[in-house]
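Each chain, letter by letter, is given below.
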Amino acid sequence: MTSTNVDAGAGLPPPRVEEVSPGVFAFVQLDGSWGLNNTGFVVGQDAVLAIDACFTERRTRWLLDAIRHQAGQRPVRTLVNTHHHGDHTFGNYLFLPGATIIGHDRCRETVLAEGLGAKGFFPGVDWGKIEITPPSVTFEDRLDLWVDELKVELIFVGPAHTTNDIVAWVPERKLLFAGDVIFSGGAPFALAGSVEGWLETLVRLRALGAETIVPGHGPICGPEVIDDVAAYMRLVLDAARRGIEAGLEPLDVARQVDLGRFGAWLDGERLAANLHRAYSELRGEPRGVPLPAQAVTDMIAFNGGQLPRCLA
């Protein structure tokens with residue numbers, strides 16, 4: 001385990017690199033709250049496969065420095081985007097022209113459609129230069145990549161966190177790069193995805209038999225975190241059912257919910273948005289359908305009228 005030689009600022013620890021399997025590394029950005037995502041990379045004999053970029057130019061350059069520290073002059077030939085959100089894609093352009101960027105069909109569509117919209121939600125972030133760069137190779141269901149003789153299976157598992165979630169599964173090592181389908185120590189966020197779909201996705205992930213999971217946010221973990229995320233999602237769905245029966249709005253339900261052990265998780269304001277998603281599904285609306293702006297307005301209201309904290 002090594003820390004990058006940077007000043008993360010805001011009292012945060014610097015990003016660190018953990019070798020989660022021989023030649024396979026996780027780039028971990030704690031505390032894992034908004035915008036502080038994890039990425040990964042696999043070092044082969046001649047080239048590198050990277051999994052996700054970072055939210056800002058500065059943090060993506062830290063990632064590239066970390067890759068060079070482990071891989072030397074071997075180039076990054078492939079970059080995988082686990083989904084479209086800016087904290088996993090805004091730094092894509094820094095991998096060009098050497099890398100081919102791969103993502104789900106809908107990842108490409110949504111990166112282009114949303115552009116730099118996320119920047120308006122997080123004022124004060126030092127973005128640096130950002131150039132929207134979507135995947136240039138897309139797939140619908142599965143795609144196998146090889147780093148020398150090590151197979152990395154890209155599997156579409158959405159809608160869950162978004163409509164375009166994929167995971168990178170390394171079966172030989174029982175290692176899963178889960179993207180934001182798994183949050184470790186932070187509240188999951190289903191605004192752009194599906195609560196019911198997320199629960200189904202977690203069943204699929206459990207069946208893989210992963211022993212080590214690199215989550216999209218938070219510390220590296222084991223398969224027990226799958227059960228934690230599932231328990232949180234069931235709590236949200238149950239609360240939404242009770243709220244609908246009582247004729248309450250999602251924000252009112254959020255203010256009444258006892259989160260129990262999940263109350264210590266980061267970014268608890270996501271509960272209000274998650275309830276809006278659950279309400280939508282319980283009304284019979286399609287999974288992943290865009291929700292009215294009220295979902296975000298209520299999340300801010302539930303957060304004491306403050307925009308979410310982003311330390312990226």
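Reading the values: the criteria
Residues numbered from 1 in each chain as written. Predicted model: local features only at pLDDT ≥ 70, side-chain atom pairs only at ≥ 80, totals over all residues. Heavy atoms only, no water. Helix = DSSP H or I, 4+ residues; strand = E, 2+ residues; numbered from the N terminus. Buried < 20%, exposed > 50% of the residue type's maximum accessible area, 1.4 Å probe, protein only. Contact = heavy atoms within 4.5 Å. Areas by Shrake-Rupley, 256 points an atom, 1.4 Å probe, with all protein chains shown as cover. Lys, Arg positive; Asp, Glu negative; His and termini not counted. Charge placed at Lys NZ, Arg CZ, Asp CG, Glu CD. Salt bridge = Lys/Arg side-chain N within 4 Å of Asp/Glu carboxyl O. Polar contact = N/O pair within 3.5 Å; in protein donor to acceptor, adjacent residues only side chain to side chain. Expected span 1.5 Å × (residues − 1). Axes fitted to C-alpha atoms, helices over the stretch in contact; angles between N-to-C directions. Parallel < 35°, antiparallel > 145°, perpendicular 65-115°, else oblique. Left-handed = near helix turned anticlockwise from the far one by under 90°. Nonpolar A, V, L, I, M, F, W, Y, C, P; charged D, E, K, R; others polar.

### Observations regarding the overall build of the chain
Of the regular secondary structure elements, the chain holds 8 helices and 13 strands. Counting across all 312 residues of the chain, residues that qualify as buried make up 58%. Counting only contacts in the chain whose residues sit at least 6 apart along the sequence, the fraction spanning at least 24 positions is 66%. Carbon together with sulfur atoms contributes 49% to the accessible area of the chain, which is approximately 12,500 Å² in total. Of note, the chain has its 27 positive side-chain charges centred 2 Å away from the centre of its 39 negative side-chain charges.

### Some details on unusual backbone geometry
In this model, L30 is joined to D31 through a cis peptide bond whose omega is 20°. Structurally, the position occupied by D31 is in the loop between β3 (24-28) and β4 (39-43). With an omega of -5°, the peptide bond between G158 and P159 qualifies as cis. By secondary structure assignment, the location of P159 is in the loop between β10 (150-156) and β11 (166-170). The phi dihedral of K174 is positive, around 50°, even though this residue is not glycine. Mapped onto the fold, K174 is located in the loop between β11 and β12 (175-183).

### Some thoughts on the side chain of R277
Residue position: R277 is located in helix α7 (residues 270-282). An unpaired buried charge is present at R277: no salt bridge exists, and E281, the closest side chain of opposite charge, is 4.6 Å distant. In this structure the side chain of R277 is engaged in a polar contact, spanning 2.9 Å, whose partner is the backbone oxygen of V289. Leave out the neighbours within four places in its chain, and R277 touches A190, L191, A192, G193, S194, V195, P286, G288, V289 and L291.

### Details of helix α1 (residues 57-71)
Between its first and last C-alpha atoms α1 spans 21 Å; for 15 residues at 1.5 Å apiece the expected length is 21 Å, and the two agree. Taken as a whole, α1 has its buried residues at E57, R59, T60, W62, L63, L64, A66, I67 and A71. Of the surrounding elements, those touching the buried residues of α1 are β2 (16-21), β3, β4, β5 (48-51) and β6 (76-80). Following α1 by one or two positions, G72 has its phi on the positive side, about 65°.

### Some words on helix α5 (residues 224-246)
Residue pairs spaced three or four apart in an α-helix point in one direction, given the helix's 3.6 residues per turn. Between its first and last C-alpha atoms α5 spans 34 Å; for 23 residues at 1.5 Å apiece the expected length is 33 Å, and the two agree. For α5, every residue scored as buried is listed here: V225, I226, V229, A230, A231, Y232, M233, V236, L237, A239, A240 and G243. Its buried side turned inward, α5 meets β12, α4 (195-208), β13 (212-217), α6 (250-256) and α7. A positive phi of about 75° marks G247, the residue just after α5.

### Some details on the packing of α7 against helix α8 (residues 294-302)
Contact geometry for α7 and α8: axes closest at 7 Å, N-to-C directions at 150°. Looking at the two axes, α7 sits roughly antiparallel to α8. Regarding α7 and α8, the two cross each other, and that crossing is right-handed. Packed against α7, whose contacting residues are R270, L271, A272, A273 and H276, the element α8 presents Q294, A295, D298, M299 and F302 at the interface. For the contact of α7 with α8, the per-class residue count stands at 6 nonpolar, 2 polar and 2 charged.

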